[in-house]
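What follows is the residue order along each chain.
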Amino acid sequence: MSERGSTDFPIAIIGAGFAGIGAAFRLKQEGIESFTMFERAGEIGGTWRDNTYPGCACDVQSHVYSLSFEQNPYWSRRFSEYWEIQDYLLGLVDKWELREHLQLNTEIVNAEFDEAAGAWTLTTDGGETFTARVVLAGVGGLVDPAYPTIDGMDDFSGEMFHTARWNHDVDLTSKNVAVVGTGASAVQVVPTIAPEVAKLTVFQRSAGWVVPKFDTEYSARAKRLAVRFPFLLRVSRFLKYWLSEILGPLVFLDSKILSAIGTWLSKWNLRRQVKDPELREKLTPDFQFGCKRVLISDDYWAAFERDNVELVTEPIDAIQREGLRTKDGVLHAVDVIVLATGYLLGLAAAPFRVVGLGGRSLAEAWEKGAVAYKGMTVSGFPNWFIMMGPNTGPGHTSVLVFTEAQIEHALQAIKKMMTEDIKYCDVRQDVQDRYNEGIQGRMKHMVWASGCTSWYLSNDGKNHSLFPGFAWEYVLRSRRLHLADYQVAYFEDERQLEEVDTAEEGLAAAP
Ligand SMILES: Cc1cc2nc3c(=O)[nH]c(=O)nc-3n(C[C@H](O)[C@H](O)[C@H](O)COP(=O)(O)OP(=O)(O)OC[C@H]3O[C@@H](n4cnc5c(N)ncnc54)[C@H](O)[C@@H]3O)c2cc1C
């Protein structure tokens, strides 16, 4: 290791969700301790700290939706609830002794690259600065709630909150509750709260395709076996992962045959849960299967068969003191409004002011849409590695498969920089452009481009969110660092230049 070795090589991890925690662990495992993890909230966990709404759970099987290097034999069910995932993450932080690297309640609000020093200066919300040779940005892709703009929102006299900021002080028992939105959070929250509320009114803008979840509890025996024979856990993960990959084309390829299979499955799910044909009609989507996120639930549609649940398809006109008024003039009086309206798309936007080479900001670089080489590095922003960046979201399997590949890529860059006296690595513009042309070129074969509007699409109409293919392909292409893809600046070059300058000065001064 060079003189700019581990202690001299500060690394910043921004965010302490799955990505930040996974990166911290891998650094530690490689014997690199010179990192600090900044987290703006008061605890680690990211998604699984913030989303505590009733019914909140992962929709990729837990054996796959967990870190490959720390598998958990104790998952209580196939799709674990939020608290169990948060417990898992808290356990990892303690087990790996990551707290000593953690700065909670510290938001990074600005980052500027110093080319001469080959380092980033990060500024916190408290005005402190921190110098990092490498930044691993694990700020999440679906982290900040998206609030709708509806006339009169401030006039409502009851309680109103977003699913991602659930207000546990509000007791919903025997209350009239409205849920606005019918996406991935709504399909979890609606069937969970329906039995306890007096009346539940669900406001639907567009229906989604819902496939069965086949969720089940793991028996005590299954868990004991997984503890006793860890290879069984690995086999289970392997099979579940490959099942998700095999089924992947159903939800990402634009294929009439595959869409027909998905549509059939979803309609079967609808038929077995809803008997009323008129209600079924209202709950049937009018876009191609897979174009918007496919939802999974065993009991969402069945909730609408309950006497106390009403589906409203008339658009909301305004919110007023007593409740929500729809465009047909009907007032739906409620005590509580739950906004299940999703998240701001963080993976295709600069998280805060990030200024790279030549004073150019990331927001400027992404003005015409977010692009990054393999979703990780952006030309002009050296030594900055994004975890969950543009075009790294999977439609069909665990995000963490992508995250782990990104961590490995960054780790290899860090090790190279530490051992070879590299000042910075900046991905080559031509390499980045070629990669993104390939990604966008494939998008036209993806079902997301089949004509619906969805949160996958950015303002430029392009999909900068999802990876158009299998996760294994992304992993194979991304987990290895190819230094030739990067413009590499060495400290050594400068030293040699300085020596040449000094020698020339010496010559000039010679009599
Ligand atoms: C309800 C829900 C369910 C989901 N279910 C699944 C699933 O089943 N399968 C799947 O693959 N994916 C799922 N996802 C996607 C999920 O976001 C990812 O799987 C994963 O949790 C992302 O981890 P992360 O660490 O990248 O980001 P996050 O978990 O979002 O963590 C980012 C962290 O960064 C912190 N942060 C942000 N900005 C700053 C800053 N400027 N300074 C300091 N800290 C900052 C945040 O506070 C947060 O703690 C789900 C998402 C949601 C919202």
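Source: prediction; values computed, not measured.

J.: What's the story with the site of the ligand in this structure? I'm lost.
T.: As a structural note, the neighbourhood of the ligand is formed by 33 residues, with Glu39, Thr47, Asp59, Tyr65 and Val399 the closest of them. At 3.0 Å from an oxygen atom of the ligand is found a main-chain nitrogen or oxygen belonging to Phe18. Separating an oxygen atom of the ligand from a backbone N or O atom of Val399 is a distance of 2.7 Å. Coverage of the ligand by the protein chains reaches 96% of its 990 Å² of free accessible surface. Those elements that place two or more of their residues in the shell around the ligand are helix H1 (18-29) and helix H2 (47-50). The element contributing the most residues to the shell around the ligand is H2, with three residues. Grouping the amino acids of the shell around the ligand by side-chain chemistry returns 18 nonpolar, 10 polar and five charged.

J.: When you look at empty space enclosed by the protein in this model, what are you seeing that I'm missing?
T.: Over the atoms rolls a probe the size of a water molecule, and its path tells where empty space is left. A complete count under the given rule lists four cavities of 30 Å³ or more for this structure. For the largest cavity, the calculated volume is near 100 Å³. Around the largest cavity, the lining is made up of 15 residues, and of these Val139, Gly346, Ala349, Pro351 and Ile386 lie nearest the centre. A per-class count over the lining of the largest cavity returns 12 nonpolar, three polar and no charged.

J.: I would appreciate a short explanation of the pairing of strand S10 (residues 199-203) in the present structure.
T.: The two faces of the sheet receive side chains in turn, since in a regular strand these alternate between them. Within S10, four of the five residues are buried, which leaves it mostly tucked inside the rest of the structure. As defined by bridge partners, strand S9 (residues 176-180) adjoins S10 across five bridges and the pair is classed as parallel. The residue of S10 that forms the bridge with Val179 is Val202.

J.: What is the right way to look at the pattern of salt bridges in this model?
T.: Where side chains of opposite charge bring their charged atoms close, a pairing between them can arise. Scanning the entire structure with this criterion turns up 21 salt bridges. Residues Arg49 and Asp50 are paired through a salt bridge, measuring 2.8 Å at the closest nitrogen-oxygen approach. Owing to a relative accessible area of 18%, Arg49 belongs among the buried residues under this scheme. Residue classification places Asp50 among the buried residues on the basis of a relative accessible area of 16%. Note that Arg77 is salt-bridged to Asp215, the shortest N-O span being 3.0 Å. With Arg77 in the loop between H2 and helix H3 (82-95) and Asp215 in the loop between strand S11 (210-211) and helix H5 (220-228), this residue pair connects regions lying 138 residues apart in the sequence. Judged by relative accessible area, which is 24%, Asp215 ranks as partly exposed.

What counts, and where the lines are drawn
Residues numbered from 1 in each chain as written. Predicted model: local features only at pLDDT ≥ 70, side-chain atom pairs only at ≥ 80, totals over all residues. Heavy atoms only, no water. Near = heavy atom within 4 Å. Polar contact = N/O pair within 3.5 Å; in protein donor to acceptor, adjacent residues only side chain to side chain. Areas by Shrake-Rupley, 256 points an atom, 1.4 Å probe, with all protein chains shown as cover. Helix = DSSP H or I, 4+ residues; strand = E, 2+ residues; numbered from the N terminus. Nonpolar A, V, L, I, M, F, W, Y, C, P; charged D, E, K, R; others polar. 1 Å grid on protein atoms, 1.4 Å probe; cavity = no way out; pocket = protein on both sides within 12 Å on 5 of 7 lines; lining within 4 Å. Points joined across faces, edges and corners; volume = space filled by probe spheres on them. Buried < 20%, exposed > 50% of the residue type's maximum accessible area, 1.4 Å probe, protein only. Pairing = 2+ DSSP bridges. Salt bridge = Lys/Arg side-chain N within 4 Å of Asp/Glu carboxyl O.

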